[in-house]
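Residue-level structural notes
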Amino acid sequence: MIKVKNLKKQFGNNVVLKDISVAIEKGEVISVIGPSGSGKSTFLKMISGIYPPTNGILDVSGKISSMFELATGFEMESSGWDNIYLRGLMLGETPKSIKEKMKEIAEFSELGEFLDMPVKYYSSGMFVRLAFSVSTAIKPDILLLDEVVAAGDASFLKKAEKRMNEMIDIAKIMVLVTHSMNTAKDLTNRCLWFEKGEILMDGQPEKVIEEYLKNMKE
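What you see is a predicted model; the values in this text were computed from it and never measured.

A few points about the sheet that holds strand 1 (residues 2–11)
Strand order in the open sheet formed by three strands is 2-1-4, and the pairing between neighbours is antiparallel. The open sheet terminates on both sides in strands that have one partner only, identified here as strand 2 (14–24) and strand 4 (55–60). The mean angle between the axes of side-by-side strands here comes to 25 degrees, regardless of whether they run parallel or antiparallel. Contacts from helix 1 (residues 40–48) reach strand 1, strand 2 and strand 4 within the one sheet, and its direction differs from that of strand 1 by about 120 degrees.

Right, dumping it as structure tokens:
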């Protein structure tokens with residue numbers, strides 16, 4: 001359950017979110033659309049706890065898994081194995097539960113012996129593979145997605161897409177920020193249109209997207 005009332009976020013003199021109020025219930029799969037700079041990603045990061053509210057009420061109940069800011073919580077001097085453990089704890093796992101998942105995470109990442117190395121030596125593709133593998137090993141109540149994660153070569157991307165669909169099936173709530181109208185229509189049952197830090201429209205994806213595209217043409 002996510003409840004937001006009169007939520008405001010301000011960075012210096014820049015007001016990114018202006019008195020947002022919305023409630024997201026169990027079973028809802030939400031798409032968040034709007035032009036760049038409209039506050040979509042900031043809204044997601046506030047739900048996840050990365051950004052605190054400037055004003056207003058934000059009440060989130062349940063275990064969250066976020067598919068953005070993948071580097072958060074990684075220790076660059078530590079090995080891949082150590083980072084799997086530490087990141088798992090950050091995402092709400094117990095020492096026992098993350099240890100039980102480490103082998104599966106390692107196999108999914110396909111990083112092999114590179115997991116013995118400090119992650120500061122990883123290529124960007126290797127790093128994203130590790131981060132994605134850890135983040136998606138958690139079984140969340142609330143799944144937050146910011147666009148599509150580019151996680152490596154074609155074979156790994158296929159695995160990544162399958163994993164994402166599995167997580168969508170498991171999660172009680174999903175909130176997806178996307179610029180793809182087809183993705184919003186295909187995956188979600190409710191759509192929020194953000195414009196200049198405000199929710200301009202909230203409703204069925206087909207209707208909201210139709211109005212959004214009409215507005216963009218005008």
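A word on helix 2 (residues 80–90)
All of the buried residues in helix 2 are Gly-80, Asn-83, Ile-84, Arg-87 and Gly-88. Summarising the axial view, the buried residues of helix 2 lie within an arc of 130 degrees, below the 170-degree limit, and thus occupy one face. If you follow the buried residues of helix 2, they end up packed against helix 3 (95–109) and helix 4 (124–135). Residue Gly-92 follows helix 2 closely and has a positive phi angle near 105 degrees.

What counts, and at which threshold
- Residues numbered from 1 in each chain as written.
- Predicted model: local features only at pLDDT ≥ 70, side-chain atom pairs only at ≥ 80, totals over all residues.
- Heavy atoms only, no water.
- Pairing = 2+ DSSP bridges.
- Helix = DSSP H or I, 4+ residues; strand = E, 2+ residues; numbered from the N terminus.
- Axes fitted to C-alpha atoms, helices over the stretch in contact; angles between N-to-C directions.
- Contact = heavy atoms within 4.5 Å.
- Buried < 20%, exposed > 50% of the residue type's maximum accessible area, 1.4 Å probe, protein only.
- Arc of directions from axis to C-beta.

The values reported here are purely geometric and, on their own, carry no functional implication.
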